[in-house]
Amino acid sequence: DVDDAPDLGVTAQTRSYTALTGSVGAAYQPRSDLSFALNLGRAFRAPVLQELFGNGVHEGTLRFERGNADLSPETSLALDGVVRYLTPHVYAEASAFANTIQNYIYPRATVEVDEDSGFRIFDFDQADARLVGAEARVDVHPHALHGLGVHLQADYTRGDNLDADEPLPFVPPARLTTRIEYRAADLGPAREVELRLGPTFVAAQSRPELPDDVPTDAYTTWGASASATFRAGAATLTPLLAVDNLT
């Protein structure tokens with residue numbers, strides 16, 4: 001239910017949506033250290049109030065957003081698959097997905113600028129879209145290194161507006177995260193100690209939505225984290241310190 005909001009040009013109304021959703025999956029494990037999985041699913045998402053009736057500055061995104069009361073619900077058909085390999089000292093996983101979305105709702109950048117805030121105006125719009133991508137992860141902890149290990153994780157996503165034949169906005173570029181890890185079951189009074197340090201490489205993004213948008217260059221950041229568990233009587237404390245950008 002929506003109440004009257006004259007300042008936004010909204011009249012009292014009731015909206016309801018129905019949809020058929022579901023998923024089916026299959027898994028296969030030819031041996032103890034190797035497995036495969038495949039999933040197919042249909043999903044549904046109704047537009048939220050901000051997308052329907054918004055008309056103002058969104059401080060969290062630093063943009064002026066205008067809603068669209070004519071938006072229809074999204075429906076999607078997604079296919080994803082994953083392969084996993086696990087031994088006492090190596091874990092590897094690779095997955096890929098393809099998601100076709102009808103009536104995909106997104107904030108479309110305009111060339112207009114709100115005079116009061118100075119922010120660019122974005123109109124909520126929708127179009128048929130496709131998202132495809134892949135992820136991979138490798139964790140290696142050789143027994144001979146006594147707690148030291150290597151963590152590698154990469155992901156890539158491509159989004160396309162099929163109606164306009166242009167990129168979808170706000171799709172992140174490809175990334176590769178690398179970490180050197182140290183784990184110890186006991187270290188003095190600490191238990192389950194984990195230390196991580198390493199860089200994240202982010203590729204350039206050369207597919208902006210608008211011609212006047214500036215493509216972002218590739219960059220590298222360094223991250224570090226430390227966690228451990230301490231027992232204090234009947235209580236258990238697990239502090240975590242993490243920095244995502246040391247540069």
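Residues numbered from 1 in each chain as written. Predicted model: local features only at pLDDT ≥ 70, side-chain atom pairs only at ≥ 80, totals over all residues. Heavy atoms only, no water.

## Considerations on the overall build of the protein
Threshold: What counts as a helix is a DSSP run of H or I of at least four residues, what counts as a strand is a run of E of at least two, and both are numbered from the N terminus. This radius of gyration counts C-alpha atoms alone. The globule rule is 2.2 Å times how many residues there are, raised to the power 0.38. Here the term buried applies to any residue with accessible area under 20% of the maximum for its type, exposed to any over 50%, and partly exposed to those in between, with areas from a 1.4 Å probe on protein chains only. Areas reported as accessible are Shrake-Rupley estimates using a 1.4 Å probe. Residue values count occlusion only from the protein chains shown.
Looking only at helices and strands, one finds one helix and 14 strands in the protein. A globule of 247 residues ought to have a C-alpha radius of gyration of about 18 Å, yet the protein, at 23 Å, is considerably larger. Referenced to the eigenvectors of the C-alpha coordinate spread, the extents of the protein come out at roughly 65 × 45 × 45 Å. Buried residues in the protein amount to 29% of all 247 residues. Only carbon and sulfur atoms are counted for the fraction: they give 57% of the accessible area of the protein, which is about 15400 Å².

## Some remarks on the nonpolar core
Heads up, the rule is: Here, nonpolar core means buried Ala, Val, Leu, Ile, Met, Phe, Trp, Tyr and Cys residues that are tied together by side-chain atoms lying within 4.5 Å of each other. Two residues qualify as a contact provided that any one of their heavy atoms is within 4.5 Å of a heavy atom in the partner residue.
In this structure, I101, Y104, Y106, A127, A129, L131, L168 and V171 together form the largest nonpolar core, which totals eight residues. Secondary-structure elements contributing two or more residues to this core are β6 (90–113) and β7 (120–140). Contact partners of Y104, with chain neighbours within four places excluded, come to E74, D125, Q126, A127, A129 and L168.

## A word on the side chain of H151
Inclusion rule: Polar contact is the term for a pair of N or O atoms within 3.5 Å; when the atoms are in protein, one must be able to donate a hydrogen and the other to accept it, and sequence-neighboring residues count only if both atoms are side-chain atoms.
Secondary-structure assignment places H151 in strand β8 (residues 148–161). Of the residues examined, H151 reaches a relative accessible area of 5% and is grouped as buried. A polar contact is formed between the side chain of H151 and the side chain of D139, at a distance of 2.6 Å. Reaching out from H151, the side chain makes a polar contact with the side chain of Q153 at a distance of 3.3 Å. Excluding residues that lie within four positions of it along the chain, H151 makes contacts with R137, V138, D139, T177, T178, R179, E181 and R196.

## Describing the pairing of strand β5 (residues 74–86)
Let me state the cut-off plainly: We call two strands paired when DSSP finds no fewer than two bridges between them.
Of the pairings in the sheet, the one linking strand β2 (residues 34–45) to β5 comprises 12 bridges and is antiparallel in character. Each bridged residue has a counterpart across the sheet, and for L34 the counterpart in β5 is Y85. Here β5 pairs with β6 via 12 bridges, running antiparallel. Its bridge partner lying in β6, S76 is registered against I101. Following β5, the chain reverses through three residues before pairing antiparallel with β6.

## Quick notes on the environment of D217
Position of D217 among the secondary structure elements: in the loop between β11 (190–202) and β12 (219–232). In sequence terms D217 and A203 are 14 residues apart; their C-alpha atoms lie 7.2 Å from each other. Those residues within four positions of D217 in sequence are excluded, and the remaining contacts are A203 and A204.

## A closer look at the environment of T177
Tracing the chain through its elements places T177 in strand β10 (residues 175–187). Between the C-alpha atom of T177 and that of L152, which follows or precedes it by 25 residues, the distance is 5.7 Å. Setting aside anything within four residues of it in sequence, one finds T177 in contact with H151, L152, Q153, P199 and T200. Among the polar contacts listed, one links the side chain of T177 to the side chain of T200, at a separation of 3.4 Å.

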